[in-house]
Amino acid sequence: MAAADVAPFIAALATANPAPETELVYADAFQLLVAVVLSAQTTDAAVNKATPALFKAAPTPAAMAALGEAGIAPFIRSIGLWQAKAKNVAALAARLVADHGGAVPSDRAALEALPGVGRKTANVVLNVAFGEATMAVDTHIFRLGNRTGLAPGRTTRAVEDGLVARIPPRYLRDAHHWLILHGRYVCKARTPECWRCVAREWCRYIRKTPAPAEKPQPRNGR
């Protein structure tokens, strides 16, 4: 994608969704952190079904650490990789209590030092909880960056760096939400719905998908 096309591409997404938000349900930075850790390789919808009961039982890092791996597990069995995630959530809660006074740190290195927290999770927390202009690249954004030509790259870090470099600063804070939602609902993995893409004018995807043919209307009301 030409550099001159990046701003109008993002602007089109911004106009269609002027106040984007994460679809994860949370009450504070700690619950957001836990929800993002749980969302790895599963859907936000699945996480949102599991977390209300979990957060009711353990709304704080101290309560979550006290609940422990065995206590967390029953709440998240419906989520993929729940065994490893139960272990990580218990460990990160304990670390928050021991090393950060029960608060979620706003420092990238401190976040990435927590069990189960990688660069993508840290970027989400920094962006959503602390308002930083970070770019969390998941499978949707990785696909979109390459498919559209917005920021091609062989790795998630390459796509992240490309997006941060190319997206105008005024859009960068919310760009993560615009791109992930666009990839989730419009620029889908198997069949992108190009016919209803508000940014298709600037997209460099060659095999744009036409609108599905309308079904013939039944005659005589049948």
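Before any of the text, the structure's been laid out above.
These remarks concern the structure in this document. (Residues numbered from 1 in each chain as written. Predicted model: local features only at pLDDT ≥ 70, side-chain atom pairs only at ≥ 80, totals over all residues. Heavy atoms only, no water.)

1. Details of the environment of Pro18
Moving on, step 1. Tracing the backbone through its elements, the reader meets Pro18 in the loop between helix H1 (3–16) and helix H2 (29–38).
Moving on, step 2. A sequence separation of 119 residues divides Pro18 from Val137, and the C-alpha atoms of the two residues are 21 Å apart. (Helix = DSSP H or I, 4+ residues; strand = E, 2+ residues; numbered from the N terminus.)

2. A word on the environment of Thr156
Moving on, step 1. Examined against the element boundaries, Thr156 turns out to sit in helix H9 (residues 156–166).
Moving on, step 2. Here Thr156 falls in the partly exposed class, since its relative accessible area comes to 44%.
Moving on, step 3. As a C-alpha pair, Thr156 and Ala7 span 149 residues in sequence and 21 Å in three-dimensional space.
Moving on, step 4. Beyond its immediate chain neighbours, meaning those up to four positions away, Thr156 contacts Val137 and Phe142. (Buried < 20%, exposed > 50% of the residue type's maximum accessible area, 1.4 Å probe, protein only. Contact = heavy atoms within 4.5 Å.)

3. What to know about the packing of helix H7 (residues 119–128) against helix H10 (residues 169–185)
Moving on, step 1. Two elements in contact, H7 and H10, have axes whose closest approach is 10 Å; the angle formed by their N-to-C orientations is 125°. What the angle tells us is that H7 and H10 run oblique. Here H7 runs over H10; the crossing is left-handed. Between H7, through Val124, Asn127 and Val128, and H10, the contact on the second element is made entirely by Arg173, His176 and His177. (Axes fitted to C-alpha atoms, helices over the stretch in contact; angles between N-to-C directions. Parallel < 35°, antiparallel > 145°, perpendicular 65-115°, else oblique. Left-handed = near helix turned anticlockwise from the far one by under 90°.)

4. Remarks on helix H8 (residues 139–148)
Moving on, step 1. In terms of residue burial, H8 counts as a mostly covered element, since seven of its 10 residues are buried.
Moving on, step 2. Those residues of H8 that sit buried are His140, Ile141, Arg143, Leu144, Gly145, Arg147 and Thr148.
Moving on, step 3. In this structure Asp138 caps H8, since a side-chain oxygen of it lies 3.1 Å from the backbone nitrogen of His140.
Moving on, step 4. With its phi angle positive at about 85°, Gly149 sits one or two positions after the end of H8. (Polar contact = N/O pair within 3.5 Å; in protein donor to acceptor, adjacent residues only side chain to side chain.)

5. Quick look at the packing of H8 against H10
Moving on, step 1. Where H8 meets H10, the axes come as close as 8 Å, and the angle between the chain directions of the two elements is 90°. In terms of their interaxial angle, H8 and H10 are classed as roughly perpendicular. Within the contact between the two elements, H8 uses His140, Ile141, Arg143 and Leu144 and H10 uses His176, Leu179, Ile180, His182, Gly183 and Arg184.
Moving on, step 2. Here the residues of the contact of H8 with H10 are counted per class, giving four nonpolar, four polar and two charged. (Nonpolar A, V, L, I, M, F, W, Y, C, P; charged D, E, K, R; others polar.)

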